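Close look at the chain arrangement
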Amino acid sequence: MKTSRRAFVGATAVTAAHIWIPKGVKGYTAGEIVPVTPQRAGISKWDLDTPALCVDLDKMERNIAKMQRTCNANKIAVRPHAKTHKCAAIAKMQMAAGAIGICTAKLSEAEALLAEGVDKILMTTSNLPPAKIRRAMELKKRYPGFIQAVDWDQNARDLQDAAKTAGVVADVVIDVAVGTRSGIPPGEDAINLARLVDKQPNLKLRGMLSYDGGAQHINTFAARKERTLKNIEENARTYEKMKAGGLNTEIFSGGGTGTYNIYHLVPGFTDVQAGSYIFMDMQYVAIGNVDGQPVYDDFEPSLTVLATVVNNRFSGRLTTDAGAKALTINVPHAGVIGEPGMDYNAGSDEFGSITFKEARKEWKMGEKMELIVPHCDPAVNLYDYIYGIRNDRVESVLSVTARGHSQ
Ligand SMILES: Cc1ncc(COP(=O)(O)O)c(C=O)c1O
């Protein structure tokens, strides 16, 4: 039987075995419960002030384990992307589960996570401005496990000059484009860049990246698989030529949550860089699973925003305190857990507007509801903390280490 996205979200809470709502709901802020002391541990999530970003630890841990288990079985490594969670604590959980390293999108993310002890970081974007290149070299000096991307010959020369000045040998991967977003085109251009890097005395070529952003959300697994394998063909040929030419190809990395179980079919591919799988979101829920079902249920939606009903006085409508500043982008709309008939519009800054024909219960003023976010990465970037929840109680407060580190 086919399940719609809304029905899936609606069923999430209804089937949960451990819903526990206390009688006296208080409204703690993160500042009041950090650190979680033995006395404070065990506060109900329903007592949190809202909007509050929460992660169900059991679900997140299952997601981390499933990714690792599947990739182990497929004989491909996991190098999760920290652009999703920006949390040193979560990166360390992923490493403890078997990840070979962590990716970052930004230099400032890498700086923040390395400083917190995440010691193997591959930055998947290149550093262009001279000041950034200098910072990247300083980082390499302090943290030997730092690898950076390059996708332009002048940038390779600039990296070489800065590495020489800093007295380091910098580890570099060639970012080879799949589609048009970033990266050098596959083929001769990419191979020449790899040769150029290889010749630089202060650069060490480690291999190549190929991330296909356009493939992750293709609807139906069959279509996603077909497009992914087609799109990567030229990159795979480039990889083979690099290898045949004696260049170091120890890294051939890419892939995301929608394609993590496809890239092991590409000869030479070493690791998948999936990010969203730990949290999931409404965008990913909709892409379809390997069994042909419309809901992508490989991973469980673990990330939620708690919101409070602040207006219930209009028929078929509710207003909450979680708008664009709590959820960021609004497409597709957030999912209201336990209420498949509700449409949640976070288009206005501070308020969420819900419309419905039928609700499963009567929602009272001040009552709290739980939402699955439209897109997890930018939502996390709005919060200083993620409350770690187990069996509906606060077990930990995770600092979003690189929150707002967008440079
Ligand atoms: C270079 C790169 N790798 C990996 C990812 C992770 O993708 P996902 O969150 O879809 O798993 C992203 C996400 O945008 C990315 O830009």
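Rules and cut-offs
- Residues numbered from 1 in each chain as written.
- Predicted model: local features only at pLDDT ≥ 70, side-chain atom pairs only at ≥ 80, totals over all residues.
- Heavy atoms only, no water.
- Helix = DSSP H or I, 4+ residues; strand = E, 2+ residues; numbered from the N terminus.
- Polar contact = N/O pair within 3.5 Å; in protein donor to acceptor, adjacent residues only side chain to side chain.
- Buried < 20%, exposed > 50% of the residue type's maximum accessible area, 1.4 Å probe, protein only.
- Arc of directions from axis to C-beta.
- Contact = heavy atoms within 4.5 Å.
- Pairing = 2+ DSSP bridges.
- Axes fitted to C-alpha atoms, helices over the stretch in contact; angles between N-to-C directions.

Comments concerning the environment of Ser-348
- For Ser-348, the location among the structural elements is in the loop between strand S13 (342–345) and strand S14 (352–356).
- Through-space distance from the C-alpha of Ser-348 to that of Ala-324 is 5.8 Å; in sequence the pair is 24 residues apart.
- A polar side-chain atom of Ser-348 sits 2.9 Å from the main-chain carbonyl oxygen of Phe-351.

Observations regarding helix H4 (residues 88–97)
- Listing the buried residues of H4 in full gives Ala-88, Ile-90, Ala-91 and Gln-94. When H4 is viewed along its axis, its buried side chains cluster within an angular range of 165° and face the same direction.
- The elements touched by buried residues of H4 are helix H3 (57–74), strand S3 (102–104), helix H5 (107–115) and strand S17 (393–399).
- With its phi angle positive at about 125°, Gly-98 sits one or two positions after the end of H4.

What to know about the sheet that holds strand S9 (residues 271–272)
- Sheet architecture is open: 8 strands sit in the order S2-S9-S8-S7-S6-S5-S4-S3, paired in parallel fashion. Only two strands of the sheet have a single neighbouring strand rather than two, namely strand S2 (77–78) and S3.
- Note: strand S4 (residues 121–126) against strand S5 (residues 146–150), 4 bridges, orientation parallel. By the bridge assignment for S5, Ile-121 is matched with Phe-146.
- Running at roughly 150° to S5, helix H6 (residues 130–142) makes contact with S5 and strand S6 (170–175) of the sheet.

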